[in-house]
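For reference, the chains in residue letters:
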Amino acid sequence: MRRVLVAGNWKMHKTPSEARVWFAELKRLLPPLDSEAVVLPAYPMLPAAKEVLSGTEVAYGAQDVSPHREGAYTGEVSARMLSDLGCRYAIVGHSERRRYHGETDALVAEKAKRLLEEGIVPILCVGEPLEVREKGEAEAYTLRQLLGSLDGVEPSAPERLVIAYEPVWAIGTGKNATPEDAEAMHRAIRKALSERYGEAFAQRVRILYGGSVNPKNFAHLLSMPNVDGGLVGGASLELESFLALLRIAG
Ligand code: PEP
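Nothing here was measured: the structure is a model prediction, and the numbers come from that model.

Undergrad: What is the right way to read the overall build of the chain from this model?
TA: Check the secondary structure of the chain and you find eleven helices and eight strands. What you see for the chain is a C-alpha radius of gyration of 17 Å, in line with the 18 Å of a compact globule of 250 residues. For the chain, the proportion of its 250 residues judged to be buried stands at 55%. Considering only residue pairs separated by 6 or more positions, the chain has 73% of its internal contacts joining residues 24 or more positions apart. Element-wise, carbon and sulfur atoms account for 52% of the exposed surface of the chain, whose accessible area totals about 11,000 Å². Between the centroid of the 30 positive side chains of the chain and the centroid of its 33 negative side chains there is a distance of 2 Å.

This is the structure we're talking about:
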């Protein structure tokens, strides 16, 4: 019912020339997929993604978007620009943006709304820092963040929204949540989505796990009933390891 999604978040890595070569190699080596693959490079690589990946099974998208539609907002990139470049997805609310750029739940919700207006699926990230988990408050914190970031966000269909649970302490650290801990949080997220959008809708929203996913731990994570894929940073940069994740996803 929910198609597995493997999304590679490149963060601020690679150049447009390097990305072009990587995309072409991915296209050449791509196995037949039942799952869905998405690459999320930095903005300057999106034209190369459009050129090389259009018409393939691999979708691409952005790591962020402006909360504004258009205007005098120096340095910002609008959802309309992303749509014109063929982006199908964009991340909003990644913990690095929340932490280093002070993004609030309200801002994340505005960004998600701009994406939906342009037919782009937000991959909305939530997750607790270590001190919150240690206090035993991970679930309450994450659900509060989730509902705050969905304030006024009304996707027209469950396929138009993806949630990524990314415990902050697991991102880029090599520590990942146990599959059982991830499953418990994903179940709680789905329950909150069901209270927010209705049960039938919530059952069809994909919830990705993110935080040091790699080809060694992905199969176990994916075996959990509420884990519908991965948002992958480090392990999505090397083509071989991204391909390994896709083969695991099937
Ligand atoms: C991420 O970028 O969202 C992420 C989870 O990174 P990593 O896989 O490197 O932990």
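Read on, since the account is not over.
Undergrad: How do you make sense of the site of the ligand when you look at a structure like this?
TA: Within the structure, the ligand sits among 14 residues, and Lys11, Glu166, Gly172, Ser212 and Gly233 are positioned closest to it. In the environment of the ligand, an oxygen atom lies 3.0 Å from a nitrogen or oxygen atom belonging to the side chain of Lys11. Residue Gly233 places a main-chain N or O atom 2.8 Å away from an oxygen atom belonging to the ligand. Compared with its free state, where it exposes 290 Å², the ligand has 95% of that area covered by protein. Its residues assigned to classes, the shell around the ligand comprises four nonpolar, eight polar and two charged.

Undergrad: Just to check I follow, could you spell out the nonpolar core for this structure?
TA: One broad rule of soluble globular proteins: the nonpolar side chains tend to lie buried together. Core analysis: the biggest nonpolar cluster contains 71 residues, and Phe23, Leu82, Ile163, Ile189 and Leu193 have the highest contact counts within it. Counting residues per element, this core draws most heavily on helix α8 (residues 179–197), which supplies seven residues. Discounting residues that sit within four places of it in the chain, Phe23 has contacts with Trp10, Val39, Pro41, Met45, Ala48, Ala49, Val52 and Leu53. Grouped together as the second largest cluster of nonpolar side chains are 14 residues, Leu40, Ile91, Ala164 and Leu208 included.

Undergrad: Just to check I follow, could you spell out the packing of helix α7 (residues 138–149) against α8 for this structure?
TA: Helix-helix packing: each pair is described by the crossing angle between the helix axes and the interaxial distance. Packing of α7 against α8 brings their axes to within 10 Å, and their N-to-C directions diverge by 40°. By the angle class used here, α7 and α8 are oblique. Judged by the twist between their axes, the crossing of α7 over α8 is right-handed. Here α7 contributes Ala138, Glu139, Thr142, Leu143, Leu146 and Leu147 to the contact with α8, which in turn contributes Met185, Ala188, Ile189, Ala192, Leu193 and Arg196. By residue class, the composition of the contact of α7 with α8 is nine nonpolar, one polar and two charged.

Undergrad: Hey, could you run me through the side chain of Glu103 in this one?
TA: Relative to the assigned elements, Glu103 resides in the loop between α4 (95–100) and α5 (105–117). Its relative accessible area of 7% is what places Glu103 among the buried residues. A polar side-chain atom of Glu103 sits 2.7 Å from a polar atom in the side chain of Lys111. Ignoring any residue separated from it by four or fewer positions in sequence, one finds Glu103 in contact with Asp64, Gly93, Arg97, Arg98, Val108 and Lys111.

Undergrad: What should I look at first to understand the layout of surface pockets in this one?
TA: Gaps left between atoms show up when a probe the size of a water molecule is rolled over them. The space that makes up the largest pocket amounts to roughly 450 Å³. Lining the largest pocket are 21 residues; nearest its centre among them are Lys11, Gln63, Asp64, Arg97 and His101. With three residues, the single largest contributor to the lining of the largest pocket is α4. Its residues assigned to classes, the lining of the largest pocket comprises nine nonpolar, six polar and six charged.

What counts and how
Residues numbered from 1 in each chain as written. Predicted model: local features only at pLDDT ≥ 70, side-chain atom pairs only at ≥ 80, totals over all residues. Heavy atoms only, no water. Helix = DSSP H or I, 4+ residues; strand = E, 2+ residues; numbered from the N terminus. Rg over C-alpha atoms; globule rule 2.2 N^0.38 Å. Buried < 20%, exposed > 50% of the residue type's maximum accessible area, 1.4 Å probe, protein only. Contact = heavy atoms within 4.5 Å. Areas by Shrake-Rupley, 256 points an atom, 1.4 Å probe, with all protein chains shown as cover. Lys, Arg positive; Asp, Glu negative; His and termini not counted. Charge placed at Lys NZ, Arg CZ, Asp CG, Glu CD. Near = heavy atom within 4 Å. Polar contact = N/O pair within 3.5 Å; in protein donor to acceptor, adjacent residues only side chain to side chain. Nonpolar A, V, L, I, M, F, W, Y, C, P; charged D, E, K, R; others polar. Core = buried A, V, L, I, M, F, W, Y, C linked by side-chain atoms within 4.5 Å. Axes fitted to C-alpha atoms, helices over the stretch in contact; angles between N-to-C directions. Parallel < 35°, antiparallel > 145°, perpendicular 65-115°, else oblique. Left-handed = near helix turned anticlockwise from the far one by under 90°. 1 Å grid on protein atoms, 1.4 Å probe; cavity = no way out; pocket = protein on both sides within 12 Å on 5 of 7 lines; lining within 4 Å. Points joined across faces, edges and corners; volume = space filled by probe spheres on them.

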